Amino acid sequence: MENSVLIRTHDLDKIYSLGLTDLKALDRITLSVARGEFVGFVGPSGSGKTTLLNIIGSLDVPTSGSAEVLGRRIESLSHKESAGLRNRHIGFIFQTFNLLPVYTVYENVEFPLLLQGMESSRRKQLVGDALEWVGLADRADSRPAQLSGGQSQRVAIARAIVKQPEIVLADEPTANLDAANSHHIMKTMAQLNEDLKTTFIFATHDEKVIGYLKRKITLVDGKIAKDETVEKTTAG
Amino acid sequence: MLIPKLALRNILSAGLRTWLSVLALSFSFVAIIFLQGVYDGLNDQVERATVEAQYGGGQYWQKAYDPYDPLSLEDAHAPIPPQLQELTAGGGAAPILIRTATIYPQGRFRSILLKGIDPDQKVLSVPSTALRSLENVIPGLIGSRMAKSAGLKKGDVVTVQWRDVHGTFDARDVTIAEVFRTNVQDVDNDQIWIPLERLQAFTRMENQATIVVLKKDVLPVTDPPGWEFKDSGFLLRDLRSLVKMKSVQGSVMYLLLLFLAMLAIFDTQVLSIWRRRKEMGTLMALGMTRTQVIELFTMEGALHGVLAALVAAIYGIPLLAYAAGRGFDLPIATDNFGFAIGEKLFPAYSPALVAGTTLLVCIVTTIVSYLPTRKIADLKPADALRGRLS
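Procedures and definitions
Residues numbered from 1 in each chain as written. Chains lettered and ligands numbered in written order. Predicted model: local features only at pLDDT ≥ 70, side-chain atom pairs only at ≥ 80, totals over all residues. Heavy atoms only, no water. Domains from an automatic or database assignment. Contact = heavy atoms within 4.5 Å. Buried area = accessible area lost by both parts, 1.4 Å probe. Salt bridge = Lys/Arg side-chain N within 4 Å of Asp/Glu carboxyl O. Helix = DSSP H or I, 4+ residues; strand = E, 2+ residues; numbered from the N terminus. Nonpolar A, V, L, I, M, F, W, Y, C, P; charged D, E, K, R; others polar. Buried < 20%, exposed > 50% of the residue type's maximum accessible area, 1.4 Å probe, protein only. Core = buried A, V, L, I, M, F, W, Y, C linked by side-chain atoms within 4.5 Å. Patch = residues over 30% accessible without salt bridge, like charges linked within 9 Å, V, L, I, M, F, W, Y side chains within 5 Å. Areas by Shrake-Rupley, 256 points an atom, 1.4 Å probe, with all protein chains shown as cover.

A. Summary view of the domain arrangement of chain B. Here chain B is described as being made up of domain 1 (2–52 + 239–385) and domain 2 (58–230). Using C-alpha coordinates to define each centre, domain 1 of chain B is positioned 50 Å away from domain 2 of chain B.

This is how it looks when you write it as structure tokens:
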């Protein structure tokens, strides 16, 4: 069981300096996430969900305490090492999709593989598979501006999973989507979690997302208020 | 090759925004090359005209001759050495005897240089053949500036007074046989050309000269005793520094254009980095290092320079070729520049000028593109994703 733990934090603090005052965004967070989990950080705005997600994703570093992701200490990684970790092992899904506007759907999904220096034929195969997964194979040549919100988020999911990462971090993935699209997106991710055993971690306060989670970690004022396993999803 | 590919894809996909920057930069390209071509053309033209009309392929100076000291002319004459006579006989050199003189046009007094030149010489572009036409009079040849300032015209008779080798005054009437136009003021202002043999006879300086001008491309002989050879480099020294001074003045415009173009690139880059900070965060989240992001944005800026060079080539080459072939008229005021400029100026565009300017603009564009991107080095991916710049 111990070997399957991908993420472990211990007494994690994150303090932002706001001029004369400090804001404690995370307060002694200790948790672990195992391979294949479908877990969410939930809580109101300002509770520290995104900050915790950013630290796990090595987009930020803790002020004190430790965060270990796939055996690597986030606080001691160099810029290059953390970029490598993100590129090969972590996929990101953002609230506002963050697709590269000048690239086509295909090129957006292909991008992480280009950074890995993967050869063309393998890239083509993986991008094709990812687009099939999210049901957008027929929109490969479209630009992000030509897509609906739901389609854009599905492209973002394809981009996150194309490199077959161990972890996918999704920050409010349904915040800009209507109910139907939200459920569609969540079903897609739940299916990927089932099929590929990819670990999904969400930061959300959207009940539609929360309904799909298998584990719910509630944050309040930067502290873990509750960590519960959900016995049965209420998807749909 | 990933970064250049991505950079090219990014700027081509940016559409109108890219092409406006590229077009503005290409204008600077063409304008800078055009201006430099004008100065290079000016340089070429001035040197060519001065060599053809005045310096030839170099000059032998009688030892006492100093063009900056009119008093030196008194003693600046000597028999033409045999080897130079031989060159002259073969058409490879033209002796010139220079004496100070006084003329009295319309009763006024005026100091001039009286220059004797062989009417049949073909070394200088001065139209000396006009001095062959008059049999019973002393023919004189003057430039248009001299004609204007002295109020003389073709057919006028003017009294010229000089001193011979013994210092004795003598005077004759000279009939203006021709007024010629020249770009070279030093063969025009305050001087009258008359046949060499006549001047030698009047001054009792038979077979003597002050200078002997070599035909262009004729190799000089060993310096004869009492004579010194001055090559083109020496003779054109002052002219070149004068042209250089004018070119430096022109460089202000060059630098201004370059500055404006670079300001546009800098501005575009700063704006681009500000507007695309979330994109930078995304790129970092996807696994790009900060160095790669800096390289990408710098490369995008630099590619503006490359594209601008290509666009400039499309409309610039025909435009500059047309200007070089047709030349353009110069205003009369340019006569005051102090050196020989024709009525038309033909810009000269050498491959070195074009390649050098292209390289310079591309290098400066790259540097200017890089400067704002240094800010990315301090950027935290999480801040960038939130749309903040540290």
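Moving on from the coordinates now.
B. Geometry of the interface of chain A and chain B. On the side of chain B, 21 residues touch chain A, which itself brings 26 residues to the contact. Interface of chain A and chain B: buried area, both sides summed, is about 2,100 Å²; carbon and sulfur atoms make up 63% of it. A per-residue breakdown of the area chain A buries against chain B is headed by Leu59(A), Tyr103(A) and Leu115(A), which together make up 23% of the total. Arg9(B) is the partner of Glu107(A) in a salt bridge, and the nearest nitrogen-oxygen pair spans 3.8 Å. Counting residues per element, the side of chain A that touches chain B draws most heavily on helix α3 (residues 105–116) of chain A, at 6 residues. Looking at the side of chain A that touches chain B residue by residue, the class counts come to 13 nonpolar, 5 polar and 8 charged.

C. Representation of the pattern of salt bridges within the structure. On inspection of all chains with the given rule, the structure shows 26 salt bridges over all chains. A salt bridge links Glu74(B) to Arg99(B); the nearest nitrogen and oxygen atoms lie 3.8 Å apart. Separated by 25 residues along the polypeptide, Glu74(B) in the loop between β1 (59–62) and β2 (78–79) and Arg99(B) in strand β3 (residues 93–103) bring together distant segments of the chain. One salt bridge connects Glu279(B) with Arg276(B), and the closest N-O pair in it is separated by 3.0 Å. An identical accessibility class is assigned to Glu279(B) and Arg276(B); each is buried. Counted as one network, the salt bridges with shared partners bring together Asp13(A), Lys24(A), Asp27(A) and Lys223(A).

D. Representation of the nonpolar core within the structure. Within the largest apolar cluster, 44 residues are counted, with the highest numbers of intra-cluster contacts made by Phe111(A), Leu283(B), Met288(B), Val293(B), Leu296(B), Phe297(B) and Ile376(B). The set of elements that each furnish at least two residues to this core consists of α3 of chain A together with α1 (2–13), α2 (16–55), α7 (237–275), α8 (277–285), α9 (290–326) and α10 (351–373) of chain B. The element contributing the most residues to this core is α9(B), with 11 residues. Excluding residues within four positions of it along the chain, Met288(B) makes contact with Ala83(A), Arg86(A), Phe111(A), Leu115(A), Ile3(B), Leu6(B), Leu283(B), Val293(B) and Leu296(B).

E. Just helix α2 (residues 79–89) of chain A, in detail. Among the residues of α2(A), Ser82(A), Ala83(A), Leu85(A), Arg86(A), Asn87(A) and His89(A) are the ones counted as buried. On its buried side, α2(A) packs onto β5 (72–73), β6 (90–93), α3 and β7 (167–171) of chain A together with α8 and α11 (381–385) of chain B.

F. Examining a nonpolar patch on the surface more closely. All names here are of chain B. A grouping of Phe 266, Val 270, Leu 359, Ile 363, Ile 367, Tyr 370 and Leu 371 is seen on the molecular surface, where their side chains present a nonpolar patch of about 610 Å² in accessible area. When contributions to the nonpolar patch are tallied by element, the ones reaching two or more residues are α7 and α10. It is α10 that provides the largest number of residues to the nonpolar patch, a total of 5 residues. Relative to the helices and strands, Leu 359 resides in helix α10. Accessibility expressed as a relative area gives 54% for Leu 359, which makes it exposed.

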